[in-house]
Amino acid sequence: MAEQEPGDTGALLLTNARLIDLSGEAPRIEEPAFLLVRGGEIAAIGDATSNFTADEIIDLEGRTVTPGLVDMHVHVWDEAELNAYLSYGVTTVRNLSGMPFHLKLQDEIARGERLGPRLLTSGPILNSAGANQQPNHQLVETADEARAAVAWQADAGFTRLKVYSNLSRDAYEAALDEARLLGMAVTGHSPEGVRGPGVPESEPFDIAFGEIIDDGFETLEHVETMVWHGLRGRKDEAAARTLARRLAEAGVAVTPTRVAHHNLLRMAETGGAAADRDGMNLLNPFVQALEADVKTYWAAADARPIAEEDALQARMTKILAEEGVMLVAGSDAGIFINAPGQSLGDELRLLVVAGLTPYQALQAATWNAAVVLGESDDNGCIEAGCAADLAVYSCDPLADIDCAASVSGVVRAGEWLGPERLQGLRRAAAQHDVERTQANLFEGLEAQGTPIPNF
């Protein structure tokens, strides 16, 4: 416990708190603790003898406090969705399909002009034509096209590049080189190259998974992608462990996004009823209309092979953890039936179902994310000098991971958001603006040079 001079003052004081620091191999718990906030940072931590004073004092009556949660893989389509994340205790999101409006929101939030989770964003998804291309992708085929696209993203203000599955070898290698020259972090799917006949059952991928392991990715996205590309879809325990060890040795972090695939299974098992469960009103209706055919397809799918694949992905997630790969939590929220905010709670639960402890799951959504983002000096921690981004629980998330989806308070950039504020944010998140969403998307497509589809 840090020693402080008595009488220290601040803007916010949390009293009688149970603090959980998640930065070590085991939790460090302080209780009852008094936490003083000033200037958006934790100014001091003490006890009842510290004699702290503040403009606002909140008695937590023994409630648990952790660093705010980080969702490392989201898709934000409109500003309303930001409210949903905060209402679930998510104080930082990494958006991985960027458009110009994200840069505007990012700056407004950073300047304190808009309440929302801290927003980090990649540029538009960089891909080549192929099986996994989507209408909002920025498509490139040649090295020159890839370099020009990356340079445009950097010039627009994006500092993070997201690459995708279909990227051709020439385009991927040029994009990677240009990103390095421009100082952009690289994340995304593992590029496979052109998918020829027989891939991957009888023919290898054009770009082997092993080729990209040492390419300096900030994170590799989706354990589903790793099973498909890295293991060629096969149940091979020895190969899975070898792959995991290589990732650990190279220091590559992985965002499993277990919930993204598991929600396919939920749709198949329920005949589509999962799309109508509580929380689906937080999903953007414009995007949901565009994905209607996708939801219909999975609602009618045979659940048995999906369940087998889901179990394989869960097993791979556990192997990654056992072999020392740093895992970060991401939900792929904003698409399909992955609701903003809610889905990160689902992801943490699925990490525990896969075999991680609640502590490891919470680490993935706090400390690990800060380490991967190069921010561990002032984020993902609870001590003097750390950012005052905190989640407060009436339950104990170390005993029951489902607790992490039920915050009773949030501190965001030093501002206290109590239960009534959180309920108001949740209601505001369901008030969508379809016209604004469409304008956001169309502006993004025009800026990146992608023709606007006839929706």
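Structure shown above.
This one's a predicted model, so the numbers in the text were calculated from it and none came from an experiment.

Asker: So what exactly am I meant to see when it comes to the nonpolar core here?
Answerer: Grouped burial of nonpolar side chains is what soluble globular proteins tend to show. Within the largest apolar cluster, 81 residues are counted, with the highest numbers of intra-cluster contacts made by L161, L247, L320 and L348. Top element by residues in this core is helix α4 (residues 169–182). It accounts for 6 residues. Apart from the residues lying within four places of it in its own chain, the contact partners of L247 are F209, I213, L220, M226, V252, V254, L320 and V325. Formed by 21 residues, the second largest nonpolar core is a distinct cluster that contains L14, V37, I42 and L390.

Asker: Is there a simple way to think about the environment of E203 in this case?
Answerer: By secondary structure assignment, the location of E203 is in the loop between β12 (185–188) and α5 (209–212). The spatial distance from the C-alpha of E203 to the C-alpha of A273 is 38 Å, given a sequence separation of 70 residues. Look past the residues within four positions of E203 in its chain and what remains in contact with it is P197, G198 and R232.

Asker: How should helix α12 (residues 342–354) be read in this particular structure?
Answerer: Since the α-helix packs 3.6 residues into each turn, any two residues three or four apart lie on the same face. Taking 1.5 Å per residue, 13 residues should reach 18 Å; α12 reaches 19 Å between its end C-alpha atoms and fits that length. Within α12, 10 of the 13 residues are buried, which leaves the element mostly enclosed by the surrounding structure. Burial in α12 covers these residues: Q342, S343, L344, G345, D346, E347, L348, L350, L351 and A354. Each element contacted by the buried residues of α12 is listed here: β6 (69–74), β7 (90–95), α8 (258–270), α11 (303–322) and α13 (358–364). Where α12 ends, the next residue or the one after it, G355, has phi of about 125°, a positive value.

Asker: How should I be thinking about the packing of aromatic side chains in this particular structure?
Answerer: Any aromatic ring pair is given by two values, namely how distant the centres are and how the planes are angled relative to each other. In this structure the tally under the stated criterion is 2 aromatic pairs. The interplanar angle of 75° and the centroid separation of 5.7 Å between the aromatic rings of F205 and W228 together place this pair among those described as edge-to-face. Here F205 is found in the loop between β12 and α5, whereas its partner W228 is found in helix α6 (residues 223–230), with 23 residues between them in sequence. Ring geometry for Y297 and W298: centres 5.1 Å apart, planes at 90°, overall edge-to-face. Above the face of the Y88 ring, R426 is positioned so that its terminal group lies 3.8 Å from the ring centre.

Asker: Would you take a moment to explain empty space enclosed by the protein for this structure?
Answerer: By rolling a water-sized probe across the atoms, one finds the places where empty space is left. The full count for this structure, using the stated rule, is 2 cavities of 30 Å³ or more. A volume near 130 Å³ is recorded for the largest cavity. G68, V70, T92, N379 and G380 are the residues nearest the centre of the largest cavity, which is lined by 17 residues in total. Looking at the lining of the largest cavity residue by residue, the classes come out as 7 nonpolar, 6 polar and 4 charged. The calculated volume of the second largest cavity comes to roughly 40 Å³. Around the second largest cavity sit S97, G98, M99, P124, N136, L441, G444, L445 and Q448, which together line it.

Asker: I would appreciate a short explanation of the pattern of salt bridges in the present structure.
Answerer: Two side chains of opposite charge can pair, provided their charged atoms sit close to one another. Here the structure, examined in full by the defined rule, presents 32 salt bridges. The salt bridge partner of E108 is R114, with a shortest N-O separation of 2.9 Å. Here R118 and E375 are joined by a salt bridge, their closest N and O atoms 2.7 Å apart. With R118 in strand β8 (residues 118–121) and E375 in the loop between α14 (367–372) and β15 (390–393), the pair connects residues that are 257 residues apart, well separated along the chain. With respect to class, R118 is no different from E375; both count as buried.

Asker: How do you make sense of the pairing of strand β11 (residues 160–163) when you look at a structure like this?
Answerer: Looking along a regular strand, one sees side chains alternate from face to face of the sheet. Residues R160 and K162 point to one face of β11 and L161 and V163 to the other, with burial holding for every one of them. Bridge analysis of β11 against β12 gives 4 bridges, and the strand direction is parallel. In the strand pairing of β12, L161 is matched with V186. The parallel pair β11 and β12 is bridged by α4, and the resulting crossover is right-handed.

Calculation rules
Residues numbered from 1 in each chain as written. Predicted model: local features only at pLDDT ≥ 70, side-chain atom pairs only at ≥ 80, totals over all residues. Heavy atoms only, no water. Core = buried A, V, L, I, M, F, W, Y, C linked by side-chain atoms within 4.5 Å. Buried < 20%, exposed > 50% of the residue type's maximum accessible area, 1.4 Å probe, protein only. Helix = DSSP H or I, 4+ residues; strand = E, 2+ residues; numbered from the N terminus. Contact = heavy atoms within 4.5 Å. Expected span 1.5 Å × (residues − 1). Phe/Tyr/Trp six-rings, centres within 6.5 Å; stacked < 30°, edge-to-face > 60°. Lys NZ or Arg CZ within 6 Å of the ring centre and 35° of its normal. 1 Å grid on protein atoms, 1.4 Å probe; cavity = no way out; pocket = protein on both sides within 12 Å on 5 of 7 lines; lining within 4 Å. Points joined across faces, edges and corners; volume = space filled by probe spheres on them. Nonpolar A, V, L, I, M, F, W, Y, C, P; charged D, E, K, R; others polar. Salt bridge = Lys/Arg side-chain N within 4 Å of Asp/Glu carboxyl O. Pairing = 2+ DSSP bridges. Right-handed = clockwise from strand over helix to strand, strands pointing away.

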